[in-house]
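As a plain string of letters, each chain reads:
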Amino acid sequence: MQNHPFNWVASMIAALVIGIWLFTNFGMIHEEHKEEAEITSKTHNDEGYFVEVDDKKIHVKDTSTWMLLKEGETYNLTYEWYGMKKPYVTEVNQAHDDDQVGGH
């Protein structure tokens, strides 16, 4: 049976598209920064410590940072995620303040 060149080209294009899709969804780290984001709730369970901002549950890996955050207050938050991982906080600043919460 003879292979048609169209089959090879279509297969290569399909493999390329699937590879790009996999890389952008699972290989890249996505980052988002929110100015004056209000923390609507704080929770913790066996999986860790979380804050809710704009109806999005964000993991706070550092428990000291989680304790400093207050419900109803606004902060400048930066969080990132990749693949199927939950978003997690990488940086927190008080709104209208250049120093990071926890102070240096």
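Bear in mind the structure is a predicted one, so any value in this text is a computation, not a measurement. Numbering of residues begins from 1 in every chain and follows the order in which that chain's sequence is written. Residues qualify for local features only when their pLDDT is at least 70, as the model is predicted, and side-chain atom pairs are given and counted only at 80 or more; totals for whole chains, interfaces and linings, by contrast, use all residues. The basis for every side-chain value is the complete set of non-hydrogen atoms in the structure, without hydrogens or water.

## Some thoughts on the pairing of strand 2 (residues 48-53)
Part 1: Whether two strands pair depends on DSSP finding at least two bridges between them. Here a strand is any run of E in DSSP of at least two residues, a helix any run of H or I of at least four, and the numbering for each starts at the N terminus. Strand direction decides the pairing type here: strand 1 (residues 30-45) and strand 2, joined by 6 bridges, are antiparallel. Within strand 2, the position partnered with Lys 42 by the bridge is Val 51.
Part 2: Taking the residues between adjacent antiparallel strands as the criterion, strand 1 and strand 2 are bridged by 2 residues.
Part 3: Relative to strand 3 (residues 56-60), strand 2 runs antiparallel, the two being bridged by 5 bridges. Paired with Glu 52 across the two strands is Lys 57, which belongs to strand 3.
Part 4: Between the antiparallel neighbours strand 2 and strand 3 lie 2 residues, among them Asp 54 with a positive phi of about 50 degrees.

## Considerations on the side chain of Thr 65
Part 1: For Thr 65, the position within the fold is in helix 2 (residues 63-68).
Part 2: For Thr 65, a relative accessible area of 16% translates into the label buried.
Part 3: Contacts are residue-level and defined by heavy atoms, with any inter-residue pair within 4.5 Å sufficient. Those residues in contact with Thr 65, other than ones at most four positions away along the chain, are Val 60 and Val 92. Burial classification: accessible surface area is computed with a 1.4 Å probe over protein chains only, and a residue below 20% of its type maximum counts as buried, one above 50% as exposed, and the rest as partly exposed.

## With respect to the nonpolar core
Part 1: One finds Val 51, Val 53, Leu 69 and Leu 77 to be the most contacted residues of the largest nonpolar core, which totals 13 residues.
Part 2: Among the secondary structure elements, those contributing two or more residues to this core are strand 1, strand 2, strand 3, strand 4 (74-81) and strand 5 (88-94).
Part 3: Broken down by element, the residue count for this core peaks at 3 residues, all from strand 4.
Part 4: Those residues in contact with Leu 77 that lie beyond four places of it in its chain are Glu 32, His 33, Lys 34, Ala 37, Val 53, Val 89, Glu 91 and Val 92. Joining through side-chain atoms within 4.5 Å is the link that ties buried Ala, Val, Leu, Ile, Met, Phe, Trp, Tyr and Cys residues into a set, and such a set is a nonpolar core.

None of the figures reported here should be taken as evidence of function without further support.
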